[in-house]
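# Topology and contacts: notes
Here's the letter readout for the chains.
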Amino acid sequence: RPPHSRSKACARPVAFRPSVDTRADKAGYSVPSAFRIAHAIVSLGMLVVERKWTVMEEDSRLPYFLLGLGIGVAAGVLFALCFPPYHRPIFLPLAVALLLCGLHGISPMQGAMVGLVCGMFYFGGTLFWLTNLFGAGAISLCLMLALFIALFSALTVWLRDKFPTIPLWVIA
């Protein structure tokens, strides 16, 4: 029989081929949905933090600094979850966004302290196994590594204050 004479009911169904890559990563999340979830979390987090900042007084940097320290702790924990032994890289965009949000409205010295807290939680959570090798010396190693994140945070705040018209994501 020629192909045009077949009825539609007898036609072989065509396999569904999605236009986006839906392979699952090691954690079991599908790739597009993981990015959508991370984007939604970051957007929601920025809205919540932005609303809290508008309620506070603008002349005092202390509430910003205290909020920044808490956000730095959360960012450090999320950074630690992204790398071995936890293997949850989906949290990386949220951790970076939280660290940058924690640097809002503070001085460069306070930014360095927020970065130091973030770095201590990050490297303390990922390099805990060094205590088996060096004992208490591992704390000083984590502190030295956390100084790099403190330097990044201080420079980011300083550049943000020096060039206020440039967006923060470009400065970072």
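My aim in this report is to walk through the structure given alongside it, one point at a time. Each residue is numbered by its place in its chain's sequence as written, counting from 1. Predicted model: local features are reported for residues with pLDDT of at least 70 only, side-chain atom pairs are reported and counted for 80 or more only, and whole-chain, interface and lining totals are derived from all residues. Excluded from the side-chain calculation are hydrogens and water; included are all heavy atoms of the structure.

### Details of the overall build of the chain
Strands here are runs of E lasting at least two residues and helices are runs of H or I lasting at least four, both read from the DSSP assignment and numbered beginning at the N terminus. Secondary structure assignment for the chain yields seven helices and zero strands. Listing the helices and strands of the chain from first to last along the sequence gives α-α-α-α-α-α-α. Partly exposed residues are those whose accessible area sits between 20% and 50% of the maximum for their type, while under 20% is buried and over 50% is exposed, using a 1.4 Å probe and protein chains only. Buried residues in the chain amount to 31% of all 172 residues. Should any heavy atoms of two residues lie within 4.5 Å, those residues are counted as being in contact. Partitioning the contacts of the chain with sequence separation of at least 6, the portion at a separation of at least 24 is 60%. Per-residue and other accessible areas were derived by the Shrake-Rupley procedure at a 1.4 Å probe size, with only the shown protein chains allowed to occlude residues. Carbon together with sulfur atoms contributes 70% to the accessible area of the chain, which is approximately 11,500 Å² in total.

### Describing the environment of Gly70
Within the element layout of this structure, Gly70 appears in helix H2 (residues 62-82). The partly exposed category is assigned to Gly70, whose relative accessible area is 41%. For the pair formed by Gly70 and Gly102, sequence separation is 32 residues and the distance between their alpha carbons is 8.1 Å.

### A closer look at the nonpolar core
Among soluble globular proteins, nonpolar side chains are generally buried collectively. Here, nonpolar core refers to any group of buried Ala, Val, Leu, Ile, Met, Phe, Trp, Tyr and Cys residues whose side-chain atoms link them within 4.5 Å. Grouped together as the largest cluster of nonpolar side chains are 30 residues, with contacts concentrated most on Leu99, Ile106 and Phe123. For this core, the elements supplying multiple residues, two or more each, are H2, helix H3 (92-102), helix H4 (108-126) and helix H6 (137-162). Contacts of Leu99, omitting those with residues within four sequence positions, involve Ala75, Phe79, Val114, Cys118, Ile149, Phe152 and Ser153.

### Quick word on the packing of aromatic side chains
To pair, rings of Phe, Tyr and Trp, with the six-membered ring standing in for Trp, must have centres within 6.5 Å; the planes then decide the type, stacked if under 30 degrees apart, edge-to-face if over 60, and tilted in the middle. Per the stated rule, a full pass over the model turns up three aromatic pairs. When the centroid spacing of 5.6 Å and the interplanar angle of 50° are considered together, the rings of Phe79 and Tyr122 count as tilted. In this pair, Phe79 sits in helix H2 while Tyr122 sits in helix H4, placing the two residues 43 residues apart along the sequence. For Phe79, a relative accessible area of 11% corresponds to the buried category. Plain terms: the ring middles of Tyr122 and Phe123 are 4.4 Å apart, the flat faces sit at 40° to each other, and that makes the pair tilted. The buried category is assigned to Phe123, whose relative accessible area is 14%. What links up through ring pairs into an aromatic cluster is the set Phe79, Phe83, Tyr122 and Phe123.

### Remarks on unusual backbone geometry
Looking along the chain, the bond that leaves Pro84 and enters Pro85 is cis, with omega of 10°. Note that Pro85 resides in the loop between H2 and H3. A positive phi angle, close to 55°, is found at His87, a residue other than glycine. Relative to the elements of secondary structure, His87 occurs in the loop between H2 and H3.

### Examining H4
Expected helix span is given by 1.5 Å per residue-to-residue step, counting one fewer step than there are residues. Relative to the 27 Å expected for 19 residues at 1.5 Å per residue, H4 spans 26 Å between its end C-alpha atoms, a close match to the ideal helical length. All of the buried residues along H4 are Gln110, Gly111, Ala112, Val114, Gly115, Leu116, Cys118, Gly119, Tyr122, Phe123, Gly125 and Thr126. On its buried face, H4 is in contact with H2, H3 and H6.

### What to know about the side chain of Thr126
Secondary-structure assignment places Thr126 in helix H4. Polar contacts here mean pairs of N or O atoms no more than 3.5 Å apart (in protein, one a potential hydrogen donor and the other a potential acceptor; neighbouring residues in sequence count only if both atoms are side-chain atoms). For Thr126, the side chain forms a polar contact with the main-chain oxygen of Tyr122, separated by 3.0 Å. Contact partners of Thr126, with chain neighbours within four places excluded, come to Ala80, Phe83 and Pro84.

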